[in-house]
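What follows is each chain in one-letter form.
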Amino acid sequence: MKRFSNGKEETKLSAVMNAAILNKPLDIEVKQVAIPVPKKDEALVKVYCIGVCGSDVHYYEHGKIGRYEVKEPLILGHELAGEVVGIGEDVTNVSIGDRVAVEPGVTCGRCDYCKSGRYNLCPDVVFMATPPVDGAWADYVVIRCDFLFKIPDSMSYEEGALLEPLSVGIHAMKRGKATMADRLFVSGLGPIGLLAIQAAKMFGITEIYASDVVPFRRELAKESGVTAVFDPIHEDINERISTLTEQKGVNLIVETSGNSKAISDTVKIVNRGGRIVFIGLPTSESIPLDINQIIDGEIDVHGVFRYANTYPIAIQALSNSKVNIEKIITHKFSLNDIKEAVDIARTQKDTSVKVMIYP
């Protein structure tokens, strides 16, 4: 038996836990591995639920994303919430028994990016489920304590796990300088696009337009209360937005699909003086953008890489709003059924949005 203590309480745990191990592309299995032991500034968290992200699916299917390649067996998963069951001797911000959301990217805290508040750009970040760093599709995970955030009893563990993708949407709003006066267009209605809509509501935006090629996802957006939703294959989005806004147009675009045409079209859709925020990784190596239009229209273009300083905002906003982010959860599986869960996320995008795993 292993024993973890905070000086007052002790928690006894068996020496091993279950974890979903990706051996190679399309080969994943649940094995027993040693429970990680927290260092003096870390906490041990019992994972209650954890989402399947698009990056997890990509690693599962292809074994790599860009320069990050799965060369050795790897545990995936980084969208999680759970309970603190052990802490190191220097941990003071959380206690055993606390319900927490986990921010999965541990940064150095010393570089210029970290010190300036843009720690998401830290070159030495250790991010869960990014090779060679193991993720959290497991019974337990350890994390440096300053990347744990207490969640109130009124917040479900599912909401806690969804704070990670919601944070991308919140960061996009911050990058795009979103205000209550904005008219917003969200391109792509996967988990990030749908949660970007909810983030926009938290920023006070009430006029929101959206598009996706999948009917099921368009229906979810309608249920989320968007002003109008479009099918980009059969509708002229620019024309529809112009008509619906009485030629006022939109002054903020959040592009999440990564589709080449959708990316190129953003500069044609956004108003002069507007802002474009790119989240979705492009499907092509090079994509044409009308630079003349960007210059002539004085359009601000922003990229989004993960997020920074968003978890406290998300927890406070969700605790004081009627926004329902759990609506995007379409499937739930135990950890033992991880292969079926990932295959559904990979092959059934017409009926699935967010798949949630329960260790």
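An unreviewed UniProt entry lists the chain under the name NAD(P)-dependent alcohol dehydrogenase, with Lederbergia citrisecunda given as the organism. Check the Sequence similarities (unreviewed entry) section of the UniProt entry for the chain; it says "Belongs to the zinc-containing alcohol dehydrogenase family." Of the chain, the UniProt comment under Cofactor (unreviewed entry) reads exactly: "Zn(2+)".

Colleague: How should the UniProt feature "domain: Enoyl reductase (ER)" (unreviewed entry) in the chain be read in this particular structure?
Modeller: Using the residue numbers shown here, the UniProt feature "domain: Enoyl reductase (ER)" (unreviewed entry) corresponds to residues 21-357. Helix makes up 28% of residues 21-357 and strand 28%, and the two end C-alpha atoms of the span are 14 Å apart.

Colleague: Can you help me understand the packing of aromatic side chains in this one?
Modeller: The description of an aromatic ring pair rests on the distance of the ring centres and on the angle between the ring planes. In the structure shown here, the tally under the stated rule is five aromatic pairs. Residues Tyr-48 and Tyr-157 carry aromatic rings whose centres are separated by 4.3 Å and whose planes lie at 15° to one another, so their mutual orientation is stacked. Of this pair, Tyr-48 sits in strand 5 (residues 42-52) while Tyr-157 sits in helix 3 (residues 157-175); the two residues are 109 residues apart in sequence, bridging distant segments of the chain. On the basis of relative accessibility, which here comes to 30%, the residue Tyr-48 falls in the partly exposed class. The exposure class assigned to Tyr-157 is buried, which follows from its relative accessible area of 17%. Judged by centre distance (6.1 Å) and plane angle (55°), the ring pair of Tyr-307 and Tyr-311 falls under tilted. What makes Tyr-307 buried here is its relative accessible area of 3%.

Parameters and conventions
Residues numbered from 1 in each chain as written. Predicted model: local features only at pLDDT ≥ 70, side-chain atom pairs only at ≥ 80, totals over all residues. Heavy atoms only, no water. UniProt positions renumbered as here; feature names shortened; annotations may be inferred. Helix = DSSP H or I, 4+ residues; strand = E, 2+ residues; numbered from the N terminus. Phe/Tyr/Trp six-rings, centres within 6.5 Å; stacked < 30°, edge-to-face > 60°. Buried < 20%, exposed > 50% of the residue type's maximum accessible area, 1.4 Å probe, protein only.

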